[in-house]
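Take a look at the letters that make up each chain.
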Amino acid sequence: MSEERKNALDVLRERGFVEQVTDEEGIRRLLETPQSIYIGFDPTADSLHIGSMIPILVLMHLQRCGHRAIGLVGGATGMIGDPSGKSEERVLQSDERVGSNLTGIRAQLEKFLDLTGESGNPPAVIRDNADWTKDITMLEWLRDIGKLFTVNYMVAKESIRRRFEDREQGISFTEFSYMLLQAHDFYQLFVQEGCRIQMGGRDQWGNITAGIDLIRRKTGEQAYGLTAPLLESSTGQKFGKSEKGAIFLDEARTSIWDFYQYFVRAEDADVIKYLKYFTFLPMEEIADLEKEVQEHPERRTAQKRLAWEFTAIVHGADQADRMEKGAEALYSGNLGELDKELLREVFSDGPSLGIPMSRIKEGGPCAEFFAETGVVKSKGEAKRLLKQGALYINNVRVNESDLLSEAMILPSGMIVLRKGKREYMLAEVSGE
């Protein structure tokens, strides 16, 4: 059965996107007809990361099911900072930084959501909560919103209660008020867009239910909320993190190669869960890949499929093909198939240097070249490693008698030097 014919709640559940629901049957009945559903994105950086793709893909699934997806960017809430899931106060950002971050995030949302309706589904909408927040006076806020919530109610919410219990950190009035700002967002989208459903991460439960309560108190109408789990790997590592930090959607922050390789390296215990989250593959096909993981884990078929599919969603199918080709060339030793840009991405962790063509034409023992480039500390070390078969040029083992030559220059104008299994240096040849 296609997503268009399924209840959206079933689609989200079978892919693991649903953790908490305010009213299961109420939401299910509501989703039998087209609805407006929103998720918020605060501009804490100028790019979202792969953890942010969970709510984005939720909106994409909802739109495919015939619903109206609303991506809310936090031009107002981004100035405050959400205390949910945080053990200490956020550092407040300047107006300029929030504005810059907002521009970057809005552009990314526009890339994933169909704003025109060309797909045949209701056009998605991107709203900014600064539109209805910036002109409210303090007295209006206190009378119209603050009066409807008791401090007791707010302190009972987990995100606030945990900070109250931390005597060293505590919570400022600024972050304490964040819940009411998000509740007001839900109310405004209910009034302006007819939005009755809000989704968010598990840590947003208190903020979502506060919005439901505000809508009920001001209008007498019923609204609903769902949360998705905060994704962690099987080892307990927070999703989207690596040794380098967050894996961003912006290729200027995280190269497409690193993005692709992050998922190629996914653990067997995680890959099926990630396929459900980060691809639109039919569940039947994912079940086949799960069987493949169980029977032939060494092939890493599921990881390669995951990496291609998710890279195609974020960076386009052409780039996914390019990364796939690059990976095959790298692991097969055919570095000549990689272009200069991709070689730089592949070996970005290692050092690089420029080499004049005149030095290559000069030739001489490869041992001397390895010493000159700094791959090894001395000619003596180079000779010793050559005897051990531990030095490589373009992934081809170098012998003691081998001489440097122009034939060693790849079509990209590069030479890849390697010591042992993992120590690389990228040499770019220039000049005539």
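Residues numbered from 1 in each chain as written. Predicted model: local features only at pLDDT ≥ 70, side-chain atom pairs only at ≥ 80, totals over all residues. Heavy atoms only, no water.

A. Expanded view of the overall build of the chain. Of the regular secondary structure elements, the chain holds 20 helices and 13 strands. With the C-alpha coordinates aligned to their principal axes, the bounding extent of the chain is approximately 85 × 50 × 40 Å. Relative to its full complement of 432 residues, the chain shows a buried share of 52%. Counting only carbon and sulfur atoms, one obtains 47% of the accessible surface of the chain, whose full area is about 20800 Å². Averaging the coordinates of the 55 positive side-chain charges in the chain and doing the same for the 69 negative ones gives two points 3 Å apart. (Helix = DSSP H or I, 4+ residues; strand = E, 2+ residues; numbered from the N terminus. Buried < 20%, exposed > 50% of the residue type's maximum accessible area, 1.4 Å probe, protein only. Areas by Shrake-Rupley, 256 points an atom, 1.4 Å probe, with all protein chains shown as cover. Lys, Arg positive; Asp, Glu negative; His and termini not counted. Charge placed at Lys NZ, Arg CZ, Asp CG, Glu CD.)

B. Expanded view of empty space enclosed by the protein. Summed over all chains, the structure comprises one cavity of 30 Å³ or more. If you add up the space inside the largest cavity, you get close to 30 Å³. In this structure, the largest cavity is lined by Leu12, Ile27, Leu31, Ile37, Leu62, Ile197, Met199 and Leu226. For the lining of the largest cavity, the residue count by class is eight nonpolar, no polar and no charged. (1 Å grid on protein atoms, 1.4 Å probe; cavity = no way out; pocket = protein on both sides within 12 Å on 5 of 7 lines; lining within 4 Å. Points joined across faces, edges and corners; volume = space filled by probe spheres on them. Nonpolar A, V, L, I, M, F, W, Y, C, P; charged D, E, K, R; others polar.)

C. Main features of helix 4 (residues 95–112). Taking 1.5 Å of rise per residue, the 18 residues of helix 4 would be expected to cover 26 Å, and the 26 Å separating its terminal C-alpha atoms lies within 8% of that figure. Taken as a whole, helix 4 has its buried residues at Val98, Asn101, Leu102, Gly104, Ile105, Gln108, Leu109 and Phe112. Those residues of helix 4 hidden inside the fold are in contact with strand 2 (36–41), helix 3 (53–64), strand 3 (68–73), strand 4 (125–128) and helix 15 (301–315). (Expected span 1.5 Å × (residues − 1). Contact = heavy atoms within 4.5 Å.)

D. The arrangement of the sheet that holds strand 3 in detail. In space, the six strands of this open sheet follow the order 1-6-5-2-3-4, with mixed pairing throughout. Of all the strands in the sheet, the pair left with one neighbour each is strand 1 (20–21) and strand 4. Judged from the four bridges that link them, strand 3 and strand 4 form a sheet pairing that is parallel. Residue glycine 71 lies in a different strand from strand 4, and its bridge partner there is isoleucine 126. Running over the sheet, helix 10 (residues 178–193) touches strand 2, strand 3, strand 4, strand 5 (195–201) and strand 6 (224–228) and is turned about 145° from strand 5. Along the sheet, helix 11 (residues 205–219) contacts strand 1, strand 5 and strand 6; its crossing angle with strand 6, the most-contacted strand, is approximately 170°. (Pairing = 2+ DSSP bridges. Axes fitted to C-alpha atoms, helices over the stretch in contact; angles between N-to-C directions.)

E. Inspection of the nonpolar core at higher detail. Of all hydrophobic cores here, the largest spans 80 residues; its most connected members are Met53, Leu57, Phe263, Leu275, Phe278 and Phe310. Looking at this core, the element that brings in the most residues is helix 3, giving eight residues. Formed by 27 residues, the second largest nonpolar core is a distinct cluster that contains Val125, Trp141, Ile160 and Ile212. (Core = buried A, V, L, I, M, F, W, Y, C linked by side-chain atoms within 4.5 Å.)

F. Local environment of the packing of helix 19 (residues 366–373) against helix 20 (residues 379–388). Axis separation between helix 19 and helix 20 bottoms out at 8 Å; the angle between their running directions is 125°. It follows that helix 19 is oblique to helix 20 by the angle criterion. Our pair here, helix 19 against helix 20, has a crossing hand that is right-handed. Where helix 19 approaches helix 20, its residues Ala367, Glu368, Phe370 and Ala371 are matched on the opposing element by Lys379, Ala382, Lys383 and Leu386. For the contact of helix 19 with helix 20, a count of residues per class yields five nonpolar, no polar and three charged. (Parallel < 35°, antiparallel > 145°, perpendicular 65-115°, else oblique. Left-handed = near helix turned anticlockwise from the far one by under 90°.)

G. Seen up close, the sheet that holds strand 9 (residues 352–356). Spatial ordering of the open sheet is given by 9-13-12-10-11, a layout of five strands whose pairing is mixed. Looking at strand neighbours, the two that pair on one side only are strand 9 and strand 11 (396–397), the edges of this open sheet. Relative to strand 13 (residues 423–430), strand 9 runs parallel, the two being bridged by five bridges. Note on strand 13: the bridge partner recorded for serine 352 is leucine 426.

H. Summary view of the pairing of strand 6. The buried fraction of strand 6 is high, at five of five residues. Of the two faces of strand 6, the one carrying Tyr224, Leu226 and Ala228 and the one carrying Gly225 and Thr227 are both buried. With five bridges joining them, strand 5 and strand 6 adopt parallel strand pairing. If you follow glycine 200 over to strand 6, its bridge partner there is threonine 227. Assessed by its sense of winding, the connection that carries the chain from strand 5 through helix 11 to strand 6 is right-handed. (Right-handed = clockwise from strand over helix to strand, strands pointing away.)

I. Quick look at a negative patch on the surface. A contiguous patch of negative charge, built from Asp318, Asp321, Glu324, Glu328 and Glu337, is present on the exposed surface. Within the fold, aspartate 321 resides in helix 16 (residues 317–332). Since its relative accessible area comes to 38%, aspartate 321 is described here as partly exposed. (Patch = residues over 30% accessible without salt bridge, like charges linked within 9 Å, V, L, I, M, F, W, Y side chains within 5 Å. Salt bridge = Lys/Arg side-chain N within 4 Å of Asp/Glu carboxyl O.)

J. The arrangement of the packing of aromatic side chains in detail. Counted according to the given criterion, the structure contains 13 aromatic pairs. Taking 5.6 Å as the distance between ring centres and 55° as the angle between the ring planes, the aromatic pair formed by phenylalanine 259 and phenylalanine 263 counts as tilted. Here phenylalanine 263 and phenylalanine 259 lie together in helix 12 (residues 256–264), a separation of four residues that amounts to about one turn. For the pair phenylalanine 259 and phenylalanine 263, one class covers both residues: buried. (Phe/Tyr/Trp six-rings, centres within 6.5 Å; stacked < 30°, edge-to-face > 60°.)

K. Representation of the pattern of salt bridges within the structure. For the coordinates displayed, the defined rule picks out 20 salt bridges. Between arginine 127 and glutamate 193 there is a salt bridge; the shortest N-O distance is 2.7 Å. In this pair, arginine 127 is assigned in strand 4 and glutamate 193 in helix 10, connecting sequence segments 66 residues apart. Note on arginine 127: relative accessible area 15%, which makes it buried. The partner of glutamate 341 in a salt bridge is arginine 322, and the shortest N-O contact between them spans 3.9 Å. Residue glutamate 341 is found in helix 17 (residues 340–346), and its partner arginine 322 is found in helix 16; the two are separated by 19 residues along the sequence. The exposure class assigned to glutamate 341 is partly exposed, which follows from its relative accessible area of 47%. Via salt bridges that share partners, Asp10, Arg13, Glu24 and Arg28 belong to a single interconnected network.

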